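Close look at the chain arrangement
Okay, here's what each chain looks like letter by letter:
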Amino acid sequence: MGALLVDDAVELADMIWQLRQELSRAMWAGEHADLRFKAEQVELELTVAVERTREPGVKVRFWVFDANASARKANMVTQRITLTLQPVRMDQPDRAALISGDELPGED
């Protein structure tokens, strides 16, 4: 079995940025849809590894790995964490974010 490589992972901050982009795109796409979903919480279960470096300015980095990759390669210590995020709109932080999507064939 080979070691987990950083090439097999994405930084936690980048993963959350991408999630934010996807949720924003879903909100925008459903702006005028009849059916919407209230996004009260977004729960993520992640396999992460922590890298601590001695370089100036860099302290700790969290790398998110594919769960299957961590099961195949066991030379790096990983942890499973759960993040619960509550999405809010910047312009209306007291209101729940609404997300919708296209209606699938056969949905009423």
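So, here's what we can say about the structure. (Residues numbered from 1 in each chain as written. Predicted model: local features only at pLDDT ≥ 70, side-chain atom pairs only at ≥ 80, totals over all residues. Heavy atoms only, no water.)

Examining the pattern of salt bridges
Across all of its chains, the model carries 4 salt bridges by this definition. We note a salt bridge from Arg-25 to Glu-22, for which the minimum N-O separation is 2.7 Å. Of this pair, Arg-25 and Glu-22 both sit in helix 1 (residues 12–29), 3 residues apart, roughly one helical turn. (Salt bridge = Lys/Arg side-chain N within 4 Å of Asp/Glu carboxyl O. Helix = DSSP H or I, 4+ residues; strand = E, 2+ residues; numbered from the N terminus.)

Here we look at the nonpolar core
Within the largest apolar cluster, 8 residues are counted, these being Leu-12, Met-15, Leu-19, Val-42, Leu-44, Leu-46, Val-48 and Val-64. Taken together, the elements giving at least two residues each to this core come down to helix 1 and strand 3 (42–52). No other element matches the 4 residues that strand 3 contributes to this core. With residues up to four places along the chain from it excluded, the contact list for Val-48 reads Trp-63, Val-64, Val-77, Thr-78, Gln-79 and Ile-81. (Core = buried A, V, L, I, M, F, W, Y, C linked by side-chain atoms within 4.5 Å. Buried < 20%, exposed > 50% of the residue type's maximum accessible area, 1.4 Å probe, protein only. Contact = heavy atoms within 4.5 Å.)

As for the sheet that holds strand 6 (residues 88–89)
A sheet is described by the order of its strands in space; here 3 strands give the open sequence 2-7-6, paired in antiparallel fashion. Each having just a single partner strand, strand 2 (37–39) and strand 6 make up the two edges of the open sheet. Pairing geometry for strand 6 and strand 7 (residues 92–99), over 2 bridges, is antiparallel. Within strand 7, the position partnered with Arg-89 by the bridge is Gln-92. Lying over the sheet, helix 1 contacts strand 6 and strand 7, oriented at roughly 75° with respect to strand 7. (Pairing = 2+ DSSP bridges. Axes fitted to C-alpha atoms, helices over the stretch in contact; angles between N-to-C directions.)

Describing the pairing of strand 7
Bridging between strand 2 and strand 7 involves 3 bridges; their strand directions are antiparallel. Bridged to Ala-39 within strand 7 is Ala-97. Between strand 6 and strand 7, which pair antiparallel one after the other, the connecting turn spans 2 residues.

A short note on a nonpolar patch on the surface
A contiguous nonpolar patch, built from Val-50, Val-60 and Phe-62 and spanning about 250 Å² of accessible area, is present on the exposed surface. Within the element layout of this structure, Val-50 appears in strand 3. (Patch = residues over 30% accessible without salt bridge, like charges linked within 9 Å, V, L, I, M, F, W, Y side chains within 5 Å. Areas by Shrake-Rupley, 256 points an atom, 1.4 Å probe, with all protein chains shown as cover.)

Considerations on the side chain of Thr-47
One can find Thr-47 in strand 3. With relative accessibility at 4%, the residue Thr-47 sits in the buried group. A polar contact is formed between the side chain of Thr-47 and the side chain of Arg-80, at a distance of 3.4 Å. (Polar contact = N/O pair within 3.5 Å; in protein donor to acceptor, adjacent residues only side chain to side chain.)

Some details on the environment of Glu-31
Inspection of the secondary structure puts Glu-31 in the loop between helix 1 and strand 2. Remark: the alpha-carbon pair of Glu-31 and Leu-98, spanning 67 residues in sequence, is separated by 8.5 Å. Discounting chain neighbours no more than four positions away, the residues touching Glu-31 are Arg-36 and Arg-89.

Any link to function would need more than the numbers given here.
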